[in-house]
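Breakdown of the fold
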Amino acid sequence: MDTKQMPYVHLLQFVCRQCGKPLVISVASDAANLEKIDSDSYSVKCQCGWLDRLIGVEAARHWVTPSCDQQNLIDHLIGVRDEGLSNRP
């Protein structure tokens, strides 16, 4: 699969089952719908050493954007991250 020709980027945010940190993976796809991505499985590894194979539907959050609009998605995710950090006790 030539990912340069994929018009959509999906970002899935999983949560480490050992330490609770967010883990984000990206997937290139020719479809904007979530069904295919949610049904596939992905290797997820955390810096704490935990690793597992999870299906997309287990993601805590799922974003999709046209691949030509990646900067807007990155800016949004930085805002979500910063908001989450400011809400921590």
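Quick summary incoming for the structure in this document. (Residues numbered from 1 in each chain as written. Predicted model: local features only at pLDDT ≥ 70, side-chain atom pairs only at ≥ 80, totals over all residues. Heavy atoms only, no water.)

Section: the environment of R17
With respect to the element layout, R17 can be found in the loop between strand 1 (8-15) and strand 2 (22-29). Residue R17 is classed as exposed on the basis of its relative accessible area of 52%. In the structure, R17 is positioned 35 residues away from D52 in sequence and 9.3 Å away in space, judged by C-alpha atoms. Setting aside anything within four residues of it in sequence, one finds R17 in contact with W50, D52, L54 and E58. Polar contacts involving the side chain of R17 include one to the side chain of E58, which spans 2.5 Å. (Helix = DSSP H or I, 4+ residues; strand = E, 2+ residues; numbered from the N terminus. Buried < 20%, exposed > 50% of the residue type's maximum accessible area, 1.4 Å probe, protein only. Contact = heavy atoms within 4.5 Å. Polar contact = N/O pair within 3.5 Å; in protein donor to acceptor, adjacent residues only side chain to side chain.)

A few points about the pairing of strand 2
Both faces of the sheet carry side chains from a regular strand, because those side chains alternate between them. By the alternation rule, side chains of strand 2 split into L23, I25, V27 and S29, which are all buried, and P22, V24, S26 and A28, of which none is buried. Both strand 1 and strand 2 contribute to a ladder of eight bridges, which runs antiparallel. The residue bridging V9 from the neighbouring strand is A28, located in strand 2. Once strand 1 ends, the chain turns through six residues before running back antiparallel as strand 2, passing G20 with a positive phi of about 85°. (Pairing = 2+ DSSP bridges.)

Observations concerning the nonpolar core
Grouped together as the largest cluster of nonpolar side chains are 13 residues, with contacts concentrated most on L12, F14, L23 and W50. Counting only elements with at least two residues in this core, the list comes to strand 1, strand 2 and strand 3 (41-45). By residue number, the principal contributor to this core is strand 2, which donates three residues. Non-local contacts of F14, meaning those with residues more than four positions away in its chain, are made with K21, P22, L23, I25, Y42, V44, L54, I55, G56, E58, A59 and A60. (Core = buried A, V, L, I, M, F, W, Y, C linked by side-chain atoms within 4.5 Å.)

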